[in-house]
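# Residue-level structural notes
The residues making up each chain are set out below.
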Amino acid sequence: GVLNCGQVGCIGRVKGVVIAIARQPASMREDCRRADILATRVEVRTGCDKPRLIVDPVRSSRQGTLAILIGDDGSIDSTSGTDYQGRRPWSRPIR
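So, here is what we can say about the structure in this document. (Residues numbered from 1 in each chain as written. Predicted model: local features only at pLDDT ≥ 70, side-chain atom pairs only at ≥ 80, totals over all residues. Heavy atoms only, no water.)

### What to know about the nonpolar core
- One finds Ala20, Ala22, Met28, Cys32, Ala35, Leu38, Val44 and Cys48 forming the largest nonpolar core, which totals 8 residues.
- Within the residue set of this core, elements represented by two or more residues are strand E3 (17-22) and helix H1 (28-34). (Core = buried A, V, L, I, M, F, W, Y, C linked by side-chain atoms within 4.5 Å. Buried < 20%, exposed > 50% of the residue type's maximum accessible area, 1.4 Å probe, protein only. Helix = DSSP H or I, 4+ residues; strand = E, 2+ residues; numbered from the N terminus.)

Next up, the structure:
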């Protein structure tokens, strides 16, 4: 798959799964309507129901690095560093 990027974000398709990267809040409304996976630096609040997986600052601060796997059937599975390693004394506290 290939991502096509503009000034406010990127959109692409992998194994039939639509992936959006929102660089600006201006692209969030459209991305929330069409993306299966949405990654953004802006906190995603209620009303963004279409994506099956949302990666935003809140999730990132809680779970750390995220591995996203897309199955041949379009299934989406994710595993975080925290899921794999557990909470460590030197890890930042969960907000």
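### What to know about the environment of Asp49
- With respect to the helices and strands, the residue Asp49 is situated in the loop between strand E4 (37-40) and strand E5 (53-55).
- On the accessibility criterion, Asp49 (67% relative accessible area) is exposed.
- The spatial distance from the C-alpha of Asp49 to the C-alpha of Arg34 is 9.9 Å, given a sequence separation of 15 residues.

### Describing the state of the cysteines
- Tallying each qualifying case throughout the model produces 2 disulfides.
- Bridging Cys5 to Cys10, the disulfide has an S-S length of 2.0 Å. Linking Cys5 and Cys10, the disulfide has an S-S dihedral of approximately 110° and is accordingly described as right-handed. (Disulfide = S-S within 2.5 Å.)

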